[in-house]
Amino acid sequence: MRPNDLSVGEMAARAGVPVSTLHYYEAEGLIESWRTPANHRRYDRRELRRIAIVRVALTVGVSLKEVKAVLDGVPRDKAVGKDDWAAAASPWADMLDEKIELLQRLRDQMGFCIGCGCLSLDNCPLYNPEDVLGENGAGPRRWTGEADERA
Ligand code: FES
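Here is what the cut-offs are and how they apply
Every chain begins its residue count from 1, and numbering advances along the sequence as written. Thresholds applied to this predicted model are a pLDDT of at least 70 for local features of residues and 80 or more for the giving and counting of side-chain atom pairs; totals over whole chains, interfaces and linings are not thresholded and use all residues. The side-chain values count all of the structure's non-hydrogen atoms but skip hydrogen atoms and water molecules. Domains are outlined according to an automatic or database domain assignment. Under the scheme used here, helices are H or I runs from DSSP no shorter than 4 residues and strands are E runs no shorter than 2 residues, and both carry numbers assigned from the N terminus. We call a residue buried when its accessible area falls under 20% of the maximum for its residue type, exposed when it is over 50%, and partly exposed in between, using a 1.4 Å probe and counting protein chains only. In what follows, salt bridge is the name for a side-chain nitrogen of Lys or Arg lying within 4 Å of a carboxyl oxygen of Asp or Glu. Method remark: on a 1 Å grid restricted to protein atoms, a set of points is classed as a cavity if a 1.4 Å probe fits but cannot get out and as a pocket if it is open with protein on both sides within 12 Å along at least five of seven lines; lining residues have an atom within 4 Å of a point. Grid points are joined across faces, edges and corners, and a volume is the space filled by probe spheres set on the points. Here the nonpolar group is Ala, Val, Leu, Ile, Met, Phe, Trp, Tyr, Cys and Pro; Asp, Glu, Lys and Arg are the charged ones; every other residue, Gly included, is treated as polar. Any two strands are treated as partners once DSSP identifies two or more bridges connecting them. In this analysis, two residues are considered to be in contact whenever any of their non-hydrogen atoms come within 4.5 Å of each other. Here an axis means a line fitted to C-alpha atoms, over the contact stretch when the element is a helix, while the angle between two N-to-C directions is reported on a 0 to 180 degree scale. Directions from the helix axis toward the C-beta atoms define the arc.

### Here we look at the domain arrangement of the chain
Stage number 1. What the domain assignment lists for the chain is domain 1 (5-105) and domain 2 (111-151).
Stage number 2. On a C-alpha basis, the centres of domain 1 and domain 2 stand 39 Å from each other.

### A short note on unusual backbone geometry
Stage number 1. Phi at Asn39 is positive, roughly 65 degrees, even though this residue is not glycine.
Stage number 2. Residues other than glycine seldom take positive phi values, yet Glu130 does so here, at roughly 50 degrees.
Stage number 3. Of note, Glu130 is situated in the segment after helix H7 (124-127).
Stage number 4. With a relative accessible area of 75%, Glu130 lands in the exposed category.

### Overview of the pattern of salt bridges
Stage number 1. Evaluation of the coordinates by the stated rule reveals eight salt bridges.
Stage number 2. Between Lys68 and Asp72 there is a salt bridge, with the nearest N and O atoms lying 2.8 Å from each other. Highlighted residues: Lys68 and Asp72, both in helix H4 (residues 64-72), separated by four residues, approximately one helical turn.
Stage number 3. With a closest N to O distance of 3.1 Å, Asp84 and Lys78 form a salt bridge.

### A closer look at the layout of surface pockets
Stage number 1. Size it by volume and the largest pocket reaches roughly 300 Å³.
Stage number 2. Every residue lining the largest pocket is counted, 17 residues in all, and those nearest its centre are Asp44, Arg46, Glu47, Arg50 and Arg76.
Stage number 3. Among the elements of the structure, strand E3 (41-44) and helix H3 (47-59) are those that each provide at least two residues to the lining of the largest pocket.
Stage number 4. The residue makeup of the lining of the largest pocket, split by class, is six nonpolar, one polar and ten charged.

### Some points on the sheet that holds strand E1 (residues 5-7)
Stage number 1. The three strands lie next to each other as E1-E3-E2, forming an open sheet whose pairing is antiparallel. Edge positions in the sheet fall to E1 and strand E2 (34-35), since each has one partner strand and no second.
Stage number 2. Where E1 meets E3, three bridges bridge the pair, whose relative direction is antiparallel. Along E3, the bridge assignment pairs Asp5 with Asp44.
Stage number 3. Across the sheet, helix H1 (residues 8-15) is in contact with E1 and E3; its angle to E1 comes to roughly 95 degrees.

### Observations concerning the side chain of Asp84
Stage number 1. Among the structural elements, Asp84 can be located in helix H5 (residues 82-89).
Stage number 2. The class of Asp84 is buried, set by a relative accessible area of 18%.
Stage number 3. Excluding anything up to four places from it in sequence, Asp84 contacts Pro75, Lys78 and Ala79.

### Remarks on helix H2 (residues 19-27)
Stage number 1. Those residues of H2 that sit buried are Thr21, Leu22, Tyr25 and Glu26. Here the buried residues of H2 occupy an arc of 135 degrees about the axis, which is enough to place them on one side. Of the exposed residues in H2, the ones pointing more than 90 degrees away from its buried face are Ser20 and Ala27.
Stage number 2. Taken together, the buried residues of H2 touch H1, E3 and H3.
Stage number 3. With its phi angle positive at about 80 degrees, Gly29 sits one or two positions after the end of H2.

Encoded structure:
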């Protein structure tokens, strides 16, 4: 075993995920392992960083497909530095900015009319009378920034 390699149990414990999650991530091409002569799975410790990125990305609503696209851009055939990670993550900038803006709106507008059609808040008759925002389409029209000026 190479000094930085971890068994599947060690990897799961350090990453904070079940072994089945490691197998799933590997099947999806997000992480890689190698096999010992006894056919035991081993992981390079560097795979922990990939798992951490997957977990955080999924938590904030980034899809596995989007995560894989970034991880595929990180070289495996050389020592990886921060510039490699930054270059791989650069396509995420706009998408993450959009998610941050939506999360900030969720935080800031939870107590106000978001144009969802519920008409349940005291201020909804003022901001969305008779659900006029529903004429623009489905969902929370004001929260997604899709409300027009009629309401
Ligand atoms: S909060 Fe639902 S329509 Fe206003």
